[in-house]
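A closer look at the structure
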Amino acid sequence: MAALLMASAAVFTACSSDDNITSEQPANPTGKYTMIVQASKGDDATTRALTLDETTSPHKLNATWNENEEVLVYQNGSQIGKLYSAASTTNETTLTGELSAPDAGQDLTLYFHTNATPSYAGQDGTLATIASTYDFCAPATITAGSFKVSDNTVSTTGSVSFGVNQQAIVKFTLIDKADGTTLLSATKLVINDGTTDYTITPASNTSVIYAAIPGFTSKTVKLTATVGNKTYTYEKASQSFTNGQYYEITVKMTEKPDLLSGVFSVSSTKKVKFSKGNLRYASGTWSFFDFQNDYYTSYSADAWDKFCWSTSATTYGMNTSTSSSTYSGNFVDWGATMGTGWFTLSSAEWTYLFNTRSASTVGGTSNGRYAKAKVNGVWGVILFPNTYTHPDGVTAPTGVNAAGDTGWNGNNYSSADWTKMESAGCVFLPGAGYRSGSSVYSPGIFGGYWSATPNGADAAYGLYYYSGYLDPAWNYSRNHGLSVRLVQVTE
């Protein structure tokens, strides 16, 4: 969206009289200089601004100005003032503001909204917010010699232009793919371009979300929408967005099941499937993380994912007491919170899963059960299902079944790699660290997952690992806040 500043001379002079003794007062007693310039935003076939016109086909965004949109004025690397727009329903407006101590021998640089690398965090999905906060373009320059400083006024000659817009604007309409018509009322939409997540959080549930996204070419786009306690996803390869363009896209999204597809033996007669992510309790709701590598890196009284070993007697371990005697009960059946069928593996089942079960050959290792790895930037342990074929084009894992001091074995899988491995049945247990009281320690370094098996009155068993060690039956004090990964029995 190219924006064009049309500068016009505007001279303001201080009042004077014959009685003034000019030698006793400075020429500019306030130290401020008024600047008024005419500004315009481009509005042609390749640039779109920010007021939606639905009378055209296709729809387009017309150039308009909100009242008090901010333009920063810099000289020689330092900010010397701000200009503000008048409200306008066209692409033209007047910018008015004050500068301090401009030097007529140095260029003036004008920034629309920001002089830094644009940030797209905090979007609420509305076009109005994009217009006021996320409508970034390359800076404009008023060269030395094209403006002059006189008394309290900076007057300009000639014209300057802002550069092209630094983002595309996209209108997403979210639909349930199951029937192709039901609108999905989302509380969050995450847009991933293979490198960066852009998170949109509407003020209220909505199926129509506007987003400002820096342009890119031929990337795989992934959308993840949170709808109530459900997660919907969409993915499409070889997509491009051009800066300055407006797009309207109807997205048919697929509900992501709570159960992953991989089948794992946890005894000679019992098989399970894992939940799609670690257990959490946030804003009064029990749910699973949307992705297997997700976890909370710090403590919050309203967002728990590291639970002490206890049942509802102490709200399932959501307690900051560091006394193990505080925690009692059992850690098996989670039907009361997550629905019938969800439970925690026993210590014997964790041990069988890691050390005993029969499985496919993985990375040249017979009965390949697990490997330490980095998935989408997160350290943890990959579990390979009983029957597994490693996806074509993805580097074969090393250090399979290696519990000892092997480090993280150099296994490093991108989001795209992991999507293929997850589809083939893999489970990832992120090293989320542990909680003691209201502090979280070693996130990204240590992994601890509770079992359902107590050890005396004050302790219980669980999975324990870090880069150089792994034990599926480690003894923990019950006051440790550890991760919980639930399973259901399958055939």
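Let us look at the structure shown here. (Residues numbered from 1 in each chain as written. Predicted model: local features only at pLDDT ≥ 70, side-chain atom pairs only at ≥ 80, totals over all residues. Heavy atoms only, no water.)

What to know about the sheet that holds strand β23 (residues 285-288)
Across the sheet, which stays open at both edges, the three strands sit in the order β23-β22-β24 with antiparallel pairing between neighbours. Unpaired on one side and paired on the other, β23 and β24 (303-304) mark the two borders of the sheet. Of the strand pairs in this sheet, strand β22 (residues 279-282) and β24 are connected by two bridges, and their pairing is antiparallel. Bridge pairing links Ala282 to Ala303 in β24. (Pairing = 2+ DSSP bridges. Helix = DSSP H or I, 4+ residues; strand = E, 2+ residues; numbered from the N terminus.)

Here we look at the nonpolar core
Among the nonpolar cores identified, the biggest contains 32 residues, and Phe172, Leu174, Leu189 and Ile191 are the most heavily contacted of them. Among the elements of the structure, α1 (127-134), β13 (168-176), β14 (188-192), β15 (197-200), β16 (208-213), β17 (216-227), β18 (230-241) and β19 (246-256) are those that each provide at least two residues to this core. Excluding its chain neighbours within four sequence positions, the residues that come into contact with Leu174 are Thr182, Leu183, Leu184, Ala186, Leu189, Ser207, Ile209, Ala225, Val251 and Met253. (Core = buried A, V, L, I, M, F, W, Y, C linked by side-chain atoms within 4.5 Å. Buried < 20%, exposed > 50% of the residue type's maximum accessible area, 1.4 Å probe, protein only. Contact = heavy atoms within 4.5 Å.)

Notes on a nonpolar patch on the surface
A surface patch of nonpolar side chains, about 250 Å² in accessible area, is lined by Tyr466, Tyr469 and Trp474. Locating Tyr466 in the fold gives a position in strand β32 (residues 459-466). Relative accessible area serves as the criterion here: at 33%, Tyr466 is assigned to the partly exposed category. (Patch = residues over 30% accessible without salt bridge, like charges linked within 9 Å, V, L, I, M, F, W, Y side chains within 5 Å. Areas by Shrake-Rupley, 256 points an atom, 1.4 Å probe, with all protein chains shown as cover. Salt bridge = Lys/Arg side-chain N within 4 Å of Asp/Glu carboxyl O.)

A few points about the side chain of Arg280
Mapping Arg280 onto the fold places it in strand β22. You can call Arg280 buried: its relative accessible area is 17%. Looking at Arg280, its side chain comes within polar contact range of the side chain of Ser287, at 2.9 Å. At a separation of 3.4 Å, a polar atom in the side chain of Arg280 contacts the main-chain carbonyl oxygen of Phe288. Residues contacting Arg280, with those up to four places away along its chain left out, are Thr285, Trp286, Ser287, Phe288, Phe289, Asp290, Tyr296, Trp304, Asp305 and Phe307. (Polar contact = N/O pair within 3.5 Å; in protein donor to acceptor, adjacent residues only side chain to side chain.)

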